[in-house]
Amino acid sequence: MAKEYNFREIEQKWHQEWVKRGTYRVKEDKGRKKFYVLNMFPYPSGAGLHVGHPLGYIASDIYARYKRLQGFNVLNPMGYDAYGLPAEQYAIKTGQHPEKTTFQNIDRYREQLDRMGFSFDWDREVRTCSPDYYHWTQWAFQRMFEHFFGCPLPTSPKGEANVPKARPIEELTAYLEKYGTEGLDAYGVAQGEDLNFSAEEWKGWDEKKRSDVLMNYRLAFLGETMVNWCPALGTVLANDEVVNGVSERGGYPVEQKKMRQWCLRVSAYSQRLLDGLETIDWSESIKETQRNWIGRSEGAEIEIKAVSKKGDSEEETSFTIFTTRADTMFGVTFFVLAPESELVDKVTTPEQRKAVDEYIKYVKSRTERERMIDHTVTGVFSGAYGINPITGDKCPIYVAEYVLAGYGTGAIMAVPAHDSRDYAFAKHFDLPIIPLIEGADVSQESYDAKEGVVMNSPISPEKSVEYDGESLCLNGLSIKEAIAETKRFVKAHKLGRVKVNYRLRDAIFSRQRYWGEPFPVYYKKGIPTMIPEECLPIQLPHVESFLPTETGEPPLGNATKWAWDEKNRKIVDKNLIDEETVFPIELYTMPGFAGSSAYYLRYMDPHNDKALVSDDAAAYWQNVDLYVGGSEHATGHLIYSRFWNKFLFDLGVSKKDEPFQKLINQGMIQGWSSFVYRLRNTNKFVSFDLLEEQYDEAKKKSLYYYQGTEADPVYADISMVNGNVLNVEKIRQWAAEFRDAEFILNGNGQYIVSQAIEKMSKSKYNVVNPDDICENYGADTLRLYEMFLGPIEQSKPWDVAGIDGCFRFLKKFWQLFWDKDGSLAADDSEATAENMKTLHKLIKKVTADIESFSYNTSVAAFMVAVNELSNQKCRSRQVLSVLPVLIAPFAPHIAEELWEALGNETSVCDAKWPAFDEKYLVESSVRLGVQFNGKVKFSMDFPVDATPDEMVSQVMAADEAQRFLNGMQVVKTIAVPKRIVNIVVKPKG
RNA sequence: GCCCAGAUGGUGGAAUUGGUAGACACGAGGGACUUAAAAUCCCUUGACCAUUGCGGUCGUACGGGUUCGAGUCCCGUUCCGGGCACCA
């Protein structure tokens, strides 16, 4: 009897062995080079893992194992992102406390992960919801609170490089004490607020006022921001949770509300986040996404004088506009303010007051979302006029919602000829349009392109105001030159300044939720104060009622023991609050991204209770060499994490400016959703091929009818379907709604379902569970198959059909090592040249493929090699003993088993990755196609080292060539060694 | 609207980066073994024409171009996916 490939036995055995031997435990080892591989840690949802989850884990595990075989000291950890909204939603849905469900889900995940044979060092596991872990989330938050961002101040320690970074807030307070805001260069003055004061003023203020002022600079700060507030749900909602002004869940009204929230000053790091992208090895598309998100734009801020007639007198104020098109100053025909801008109130004339107030009321009634979708032109005249400093023209100032308060200065100059939004507005309000680019036709639409030659700038010389004897003229310049020239002019005559703006917003950092990190903050007489560092972590109190409350009180308000006793430095009952020594603690919790922002640092030193990470560990592991995860985190986690790391880098905690050197974005594995069709208002289901399709233009989807009755699609579980044929008996047992249903079958007696490729999700009943695959084929087959499916970066639907091919391959691979009688086939016979060629071809291919993450082609290379060796009847130990090492990254269980069978006592993980030797691959001759006029006519063998001349003369001498040379003359010959021989001929004469 | 990435057999996907397109796998068809099934093995499988032989023609979304030679490079078009979006 041949020895059977018993994957169940093998895999179980090695799971136990690995644990017993501690095969995957990692220690810092200064003698070896480190390599840090990381997956985005999973969110343990109630549904468990589906086949899509392991894709990235397998890919990174292959790389980690490969690097280890190459002699690197590899860190490959795993943990759980366990705090946040989904965990809480799941708990609410199942009526269980999140503490309970989260730990249940984690256990289930662990069980599933363990089956797949990953080389994770579980001793380093982190859970964001564990106090040992969030201790350091809270710690980092406190440090952000205690820092501001900027270049060294005169009050900073001497000798610091003049680069902007996080600096202790004490340097700022020392400055303010000495100089006030005079000459201060620190990031973070609140938008639109005039924050200038003298040292005397500062000294005169009380603690509360100073605290408020410093909030404008702290990297973690309390700020007033507009949020989508849903009173019925008692929580803030994200933009995507609001649809048409009502909550997505429940349809409750949502209002715009200004709320005091904790925020992180991510925007301070805009330029560094942008610059850092140049130094990391990420895909161009994800870098581009981040660049868009950061949204740097270079432009100019220009001061505009405004006059409003109030009664008989004229009142003069001024405002600042931001533009990237300084060259279009001569085309300005009006100005626009954002409705939320504080200037609106200042400039509005009494005559226009009523109209403006009404307009602002209307704008306030609209949600952020409505404003995004609906671009109809709205606006109102303020009654005031702005004076264009370049032309001296007096242009009306409008208030319109198309100008956003949060970007730039909340005020713009409108150039209808060269901006489509201004154009639409000008047409609507019948305002003049002055074209500025030669040849641009602006009678139908604006000319927005940044190409062309400037004209009408000015229309006539007197239309350009003189400053110190100089007036601006841009006529004849290209747009680029005109922009530069205008900037120079504006700067030289102090009409404004050159300015860079970023779209990146500060992150709102608090949630009215229970299941998150509590803030280590208490309110001492209304002043937010940090709980002393050595008292951390502040543990999340257990509360029975964790649901958001209707009044908007955060659930932490239900905690009875939730006040800070400053004197005794501990948490006490909130009834003891006296505002003298016992103070209320912050009731908000941190958002999901708090815990996931620096977890990669914690893996380096997960049990340290003195620091987030020890200096030694951080110095050894540096940063993540290879990070694997979904691209959906491009503008979330991957921005926050980079921000967080840069902050910790400024503090010296993190040793690298960028946390993730190389990033691979694995694609999604989609599921095949299946639909059965129920005739409306009946319990009859009709086979899909019997339905008539009609396309509904209004709903933009197909509707289905059977004998005039509309049929509605209903999800059927993927396990009920074979191909596209429904197992009727099975579905009757699956859910009550089908038990007594009538199924109308097609002519073949089958019920056909319709199918769609969708994201794998429990609610779509298209989830394929990796456990079933492991059960039927084994983890090695699953690993191999998921890699074989295609490039890891690509999204693709799960199709179980091809898995047999990988299973067959592993069986063949296994059989290579065993004789018919079940004894080991490997012997001491010498490997043939053919054997060695196959082996080294494989080594070369697999090595190159792993380095470039082309795992699908390396699996194919294995299949070819095994077929060849099998045909060669190779028994040589010289060859066979290399194979388990090569396959170990992909299929570790079978590799270990064969490695042991070959008589090795150590784990295959500690073997050495084989080097390929070119000498086995060198051919004595190479077969090349011979072309005439670029068409391959026949093939010939050439010596590998043949020169072009030799190749050509060999072709000319060949009998086959005479056919094509007959009656022809040679025009040209092209011969590239090992590549191609081409003879260009044409008829003689 | 702007930006990014794509389009190759019935299917998933290869192609040394400009050098014989379709590796490998699935599916399909045919055959061997078997009482039978499963498992295993062998052959065929881009299209069309020829098939008693060689073989020939066309083919990488579409239209052009560069080149001895293009799936690969350039220009234009169409379609699909992703991101951003009154960001001045």
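Everything below is about the structure shown above.
Now for a look at the structure at hand. All values reported here derive from a predicted model rather than from experimental measurement.

Let us look at the overall build of chain A. Regarding its fold elements, chain A presents 31 helices and 41 strands. Taken along its principal axes, the extent of the C-alpha atoms in chain A is 110 × 95 × 80 Å. Total accessible area on chain A is roughly 45400 Å²; 49% of this is exposed by carbon and sulfur atoms.

As a further point, take unusual backbone geometry. Cis peptide bonds are those with omega within 30 degrees of zero, and the linkage from S457 to P458 qualifies with 0°. Locating P458 in the fold gives a position in the loop between α14 (420–429) and β17 (466–467). For the peptide bond that leads from L536 to P537, omega is -5°, which places it in the cis range. As for its placement among the helices and strands, P537 is situated in the loop between β22 (527–530) and β23 (563–565). In this model, K494 sits at a positive phi of 55°, which is unusual for a non-glycine residue. Along the chain, the position of K494 falls in the loop between α15 (479–492) and β19 (496–501). In the Ramachandran plot, Q707 falls in the positive-phi region, its phi being about 50° despite a non-glycine side chain.

Attention now goes to the protein's contact with RNA strand B. Lining the immediate surroundings of RNA strand B are 49 residues, of which T324, R421, R503, R808 and N982 lie closest. A share of 59% is what sugar and phosphate atoms reach among the atoms of RNA strand B within 4 Å of the protein. Between a sugar or linking oxygen of RNA strand B and a main-chain N or O atom of Y402, the distance comes to 2.7 Å. Between Y407 and RNA strand B, the recorded distance is 3.0 Å, taken from a side-chain N or O atom to a phosphate oxygen. Of all elements in the fold, only α10 (284–294), β12 (313–323), α24 (803–815), α26 (855–871), β38 (925–932), β40 (968–976) and β41 (980–987) reach the threshold of two or more residues within the surface near RNA strand B. Looking at the surface near RNA strand B residue by residue, the class counts come to 19 nonpolar, 18 polar and twelve charged.

A separate point is empty space enclosed by the protein. Enumeration over the complete set of coordinates arrives at two cavities of 30 Å³ or more. The calculated volume of the largest cavity comes to roughly 60 Å³. In terms of lining residues, the largest cavity is bounded by Y133, W136, T137, A140, A594, G595, A598, R602, L612 and W644. Counting residues per element, the ones that place at least two in the lining of the largest cavity are α5 (131–145) and α16 (592–596). With four residues, α5 is the largest single contributor of residues to the lining of the largest cavity. Partitioned by chemical class, the residues of the lining of the largest cavity number seven nonpolar, two polar and one charged. A volume near 40 Å³ is recorded for the second largest cavity. Around the second largest cavity sit R65, R68, L69, A888, V908 and C909, which together line it. Partitioning the lining of the second largest cavity into residue classes produces four nonpolar, no polar and two charged.

Here we come to helix α29 (residues 892–901). Among the ten residues of α29, eight are classified as buried, and the element is accordingly described as predominantly covered. Turning to α29, its buried residues number three or more, namely P892, H893, I894, A895, E896, E897, L898 and W899. Buried residues in α29 make contact with α1 (7–21), α2 (54–69), α4 (98–115), α23 (779–788), α24 and α28 (883–887). Positive backbone phi, at 100°, marks G903, one or two positions downstream of α29.

Right, let's talk about the sheet that holds strand β4 (residues 165–168) for a bit. Hydrogen bonds between backbone groups are what pair the strands of a sheet, and the pairing can be parallel or antiparallel. Here we have three strands laid out as an open sheet, ordered β4-β3-β5, and antiparallel in their pairing. In this open sheet, the two strands that pair with only one neighbour each are β4 and β5 (186–187). Sheet analysis places strand β3 (residues 147–150) next to β5, joined by two bridges and oriented antiparallel. The residue of β5 that forms the bridge with F149 is Y187. Relative to the sheet, helix α6 (residues 169–179) contacts β3, β4 and β5, its axis offset from that of β4 by approximately 70°.

Pairing is parallel in the open sheet, where four strands are placed in the order β2-β1-β26-β27. Because the sheet does not close on itself, it has two edges, and the strands there are β2 (73–75) and β27 (660–665). The mean inter-strand angle of the sheet, taken between neighbouring strand axes irrespective of direction, is 20°. For strand β26 (residues 624–629) and β27, the ladder comprises five bridges, and the chain directions are parallel. Directly across from G629, in β27, lies its bridge partner N665. Sitting on the sheet, α2 is in contact with β1 (34–39), β2 and β26, with an inclination near 170° to β1. Along the sheet, helix α19 (residues 637–651) makes contact with β26 and β27, crossing β27 at roughly 175°.

Here the second largest pocket defines a volume of roughly 780 Å³. Around the second largest pocket, the lining is made up of 29 residues, and of these I718, S719, V721, V768 and V800 lie nearest the centre. Taken together, the elements giving at least two residues each to the lining of the second largest pocket come down to β28 (669–679), β33 (721–722) and α22 (770–776). Per-element tally for the lining of the second largest pocket: the top contributor is α22, with three residues. Counted by class, the lining of the second largest pocket contains 15 nonpolar, nine polar and five charged residues.

Our focus in this paragraph is the pairing of strand β39 (residues 935–943). Bridge count for β38 against β39 is eight bridges, and the pairing is antiparallel. Bridge pairing in β39 places S925 opposite P943. Connecting β38 to the antiparallel partner β39 that follows it, the hairpin turn spans two residues, and N933 within it adopts a positive phi of roughly 50°.

All right, on to the nonpolar core then. Within the largest apolar cluster, 186 residues are counted, with the highest numbers of intra-cluster contacts made by W262, L264, F509, Y855, L883, I887 and F890. In terms of residues, this core owes the most to one element, α2, which gives nine residues. Discounting residues that sit within four places of it in the chain, L883 has contacts with F813, L816, F817, L839, L842 and L869. Among the nonpolar cores identified, the runner-up in size contains 49 residues, and F330, L431, L472 and I483 belong to it.

Turning our attention to the side chain of S297. Among the structural elements, S297 can be located in strand β11 (residues 297–310). Side-chain polar atoms of S297 contact the side chain of Y407, separated by 2.6 Å. In contact with S297, not counting residues within four places along its chain, are F322, T324, Y407, K499, V500 and N501.

On inspection of all chains with the given rule, the structure shows zero disulfides. Cysteine C395 remains unbridged, with the sulfur of C473 as its closest cysteine sulfur at 19 Å.

What follows concerns the packing of aromatic side chains. Evaluated as defined, the whole model comprises 74 aromatic pairs. Pairwise contacts between aromatic rings join F35, Y63, Y66, F72, F809, F813, F817, F853, Y855, F862, F890 and W913 into one cluster. Cation over ring: R110 sits above W122, and NZ or CZ is 3.9 Å from the ring centre. A cation sits over an aromatic face here: R265 above F221, 3.8 Å from the ring centre.

Let us look at the environment of L75. With respect to the helices and strands, the residue L75 is situated in strand β2. Here the alpha-carbon distance between L75 and K34, two residues 41 residues apart in the chain, equals 7.6 Å. Residues within four places of L75 in sequence aside, it is in contact with F35, Y36, V37, R124, Y603, M604 and W621.

Inspection of the secondary structure puts Y715 in strand β32 (residues 709–716). Here the alpha-carbon distance between Y715 and F675, two residues 40 residues apart in the chain, equals 4.7 Å. Those residues in contact with Y715, other than ones at most four positions away along the chain, are S673, S674, F675, W734, F738, E758, S763, K764 and Y765.

Turning to α26, a few remarks are in order. In this model, α26 (17 residues) spans 25 Å end to end at C-alpha, consistent with the 24 Å of a helix rising 1.5 Å per residue. Downstream of α26 by a residue or two, K873 has a phi angle that is positive, lying close to 55°.

Okay, the pairing of β12 next. When β11 meets β12, the two strands line up antiparallel, connected through eleven bridges. Of the residues in β12, the one forming a bridge with E303 is T320.

Between helix α3 (residues 85–94) and α4, the least distance of the axes is 9 Å, while the angle of their chain directions is 110°. It follows from the interaxial angle that α3 and α4 lie roughly perpendicular. When the axes of α3 and α4 are compared, the crossing they make is right-handed. For the pair α3 and α4, the contacting residues are A87, Y90, A91 and T94 in the first and P98, T101, T102 and N105 in the second.

Rules used in this analysis
Residues numbered from 1 in each chain as written. Chains lettered and ligands numbered in written order. Predicted model: local features only at pLDDT ≥ 70, side-chain atom pairs only at ≥ 80, totals over all residues. Heavy atoms only, no water. Helix = DSSP H or I, 4+ residues; strand = E, 2+ residues; numbered from the N terminus. Areas by Shrake-Rupley, 256 points an atom, 1.4 Å probe, with all protein chains shown as cover. Near = heavy atom within 4 Å. Polar contact = N/O pair within 3.5 Å; in protein donor to acceptor, adjacent residues only side chain to side chain. Nonpolar A, V, L, I, M, F, W, Y, C, P; charged D, E, K, R; others polar. 1 Å grid on protein atoms, 1.4 Å probe; cavity = no way out; pocket = protein on both sides within 12 Å on 5 of 7 lines; lining within 4 Å. Points joined across faces, edges and corners; volume = space filled by probe spheres on them. Buried < 20%, exposed > 50% of the residue type's maximum accessible area, 1.4 Å probe, protein only. Contact = heavy atoms within 4.5 Å. Pairing = 2+ DSSP bridges. Axes fitted to C-alpha atoms, helices over the stretch in contact; angles between N-to-C directions. Core = buried A, V, L, I, M, F, W, Y, C linked by side-chain atoms within 4.5 Å. Disulfide = S-S within 2.5 Å. Phe/Tyr/Trp six-rings, centres within 6.5 Å; stacked < 30°, edge-to-face > 60°. Lys NZ or Arg CZ within 6 Å of the ring centre and 35° of its normal. Expected span 1.5 Å × (residues − 1). Parallel < 35°, antiparallel > 145°, perpendicular 65-115°, else oblique. Left-handed = near helix turned anticlockwise from the far one by under 90°.

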